[in-house]
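# A look at the structure
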Amino acid sequence: TQLLEQSPQFLSIQEGENLTVYCNSSSVFSSLQWYRQEPGEGPVLLVTVVTGGEVKKLKRLTFQFGDARKDSSLHITAAQPGDTGLYLCAGIPYNFNKFYFGSGTKLNVKP
Amino acid sequence: ETGVTQSPTHLIKTRGQQVTLRCSSQSGHNTVSWYQQALGQGPQFIFQYYREEENGRGNFPPRFSGLQFPNYSSELNVNALELDDSALYLCASSLSHKNEQFFGPGTRLTVL
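A brief look at the structure comes next. (Residues numbered from 1 in each chain as written. Chains lettered and ligands numbered in written order. Predicted model: local features only at pLDDT ≥ 70, side-chain atom pairs only at ≥ 80, totals over all residues. Heavy atoms only, no water.)

Residues and elements named next belong to chain B. Spatially, the four strands line up as an open sheet ordered S1-S3-S8-S7, and their pairing is antiparallel. With one partner strand each, in any of the chains shown, strand S1 (5–7) and strand S7 (64–68) form the two edges of the open sheet. When strand polarity is set aside, the average angle formed by the axes of neighbouring strands in this sheet is 20°. Sheet topology places S1 next to strand S3 (residues 19–24); three bridges connect them, and they run antiparallel. The residue bridging Gln 6 from the neighbouring strand is Cys 23, located in S3. (Pairing = 2+ DSSP bridges. Helix = DSSP H or I, 4+ residues; strand = E, 2+ residues; numbered from the N terminus. Axes fitted to C-alpha atoms, helices over the stretch in contact; angles between N-to-C directions.)

Residue and element names in this part refer to chain A. Tallying each qualifying case throughout the model produces two disulfides over all chains. Sulfur-sulfur distance for the disulfide between Cys 23 and Cys 89 comes to 2.0 Å. Taking the sign of the S-S torsion, 80° for the link of Cys 23 and Cys 89, the bridge is right-handed. Pair noted here: Cys 23 is in strand S3 (residues 19–24) and Cys 89 is in strand S9 (residues 85–91), with a separation of 66 residues, a long-range link. Neither residue differs from the other here; Cys 23 and Cys 89 are each classed as buried. (Disulfide = S-S within 2.5 Å. Buried < 20%, exposed > 50% of the residue type's maximum accessible area, 1.4 Å probe, protein only.)

Turning our eyes to something else, we now look at the environment of Glu 17 of chain A. Residues and elements named next belong to chain A. Mapped onto the fold, Glu 17 is located in the loop between strand S2 (10–14) and S3. Along the backbone, Glu 17 and Asp 83 are 66 residues apart, and their C-alpha atoms lie at a distance of 12 Å. Aside from chain neighbours lying at most four places away, what touches Glu 17 is Ile 76, Thr 77, Ala 78 and Ala 79. (Contact = heavy atoms within 4.5 Å.)

What follows is about the interface of chain A and chain B. Of the residues lining the interface, 19 residues belong to chain A; the matching set on chain B comes to 21 residues. Buried area between chain A and chain B, both sides added, is near 1,500 Å², and the carbon and sulfur share of it is 51%. Summed over the shared surface of chain A and chain B, the result is zero salt bridges. For the pair chain A and chain B, the number of links is four residue pairs in polar contact (both at pLDDT 80 or more). No other element matches the three residues that strand S4 (residues 32–37) of chain A contributes to the side of chain A that touches chain B. (Buried area = accessible area lost by both parts, 1.4 Å probe. Salt bridge = Lys/Arg side-chain N within 4 Å of Asp/Glu carboxyl O. Polar contact = N/O pair within 3.5 Å; in protein donor to acceptor, adjacent residues only side chain to side chain.)

Here it is in structure tokens:
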């Protein structure tokens with residue numbers, strides 16, 4: 001079982017549509033990070049959320065950290081083909097000394 | 001300021017062989033973590049080095065070992081390669097073991 005569960009696993013949408021990706025855990029995290037990874041490359045950090053209930057915006061991307069610090073979401077408004085990639089959430093849960101990644105959400109935005 | 005670099009970019013080995021992968025951390029970063037990413041999956045934590053000492057390990061057998069050098073660059077060594085070791089190996093560096101990580105482009109290892 002994964003410590004961080006992401007849903008959906010796959011998402012194929014048309015350009016201009018909105019979408020939300022979820023990252024859930026039964027563990028509490030001091031912070032969660034979101035990455036985007038393109039084929040053949042390493043993950044690129046998008047944002048870190050630290051405070052329970054926090055909302056951060058990065059242009060058309062909105063990130064939210066759950067009040068209980070066990071979950072997070074990524075919402076993309078008016079998706080573009082350039083948003084295509086693998087979206088990963090990750091973090092270090094309390095009482096753990098390891099960095100965990102979710103299994104990822106593979107997003108394909110069709111023109 | 002240079003980012004995280006890894007070498008080689010691609011590597012093909014056969015079962016039973018040994019491999020060494022290299023990582024240069026971002027300038028000023030003293031922590032390096034290694035991850036294995038199988039096709040279609042999220043990265044799995046192998047281990048982390050903080051100031052030249054191992055600072056946490058994932059569920060990988062002892063044939064996965066590592067080193068961190070005084071300049072904070074790092075090596076990942078894998079002995080007795082198995083077919084399932086075929087994956088993208090990612091290195092990430094950070095300012096300390098609790099800070100944000102920045103990833104290199106990875107080394108694609110294929111074991112035949």
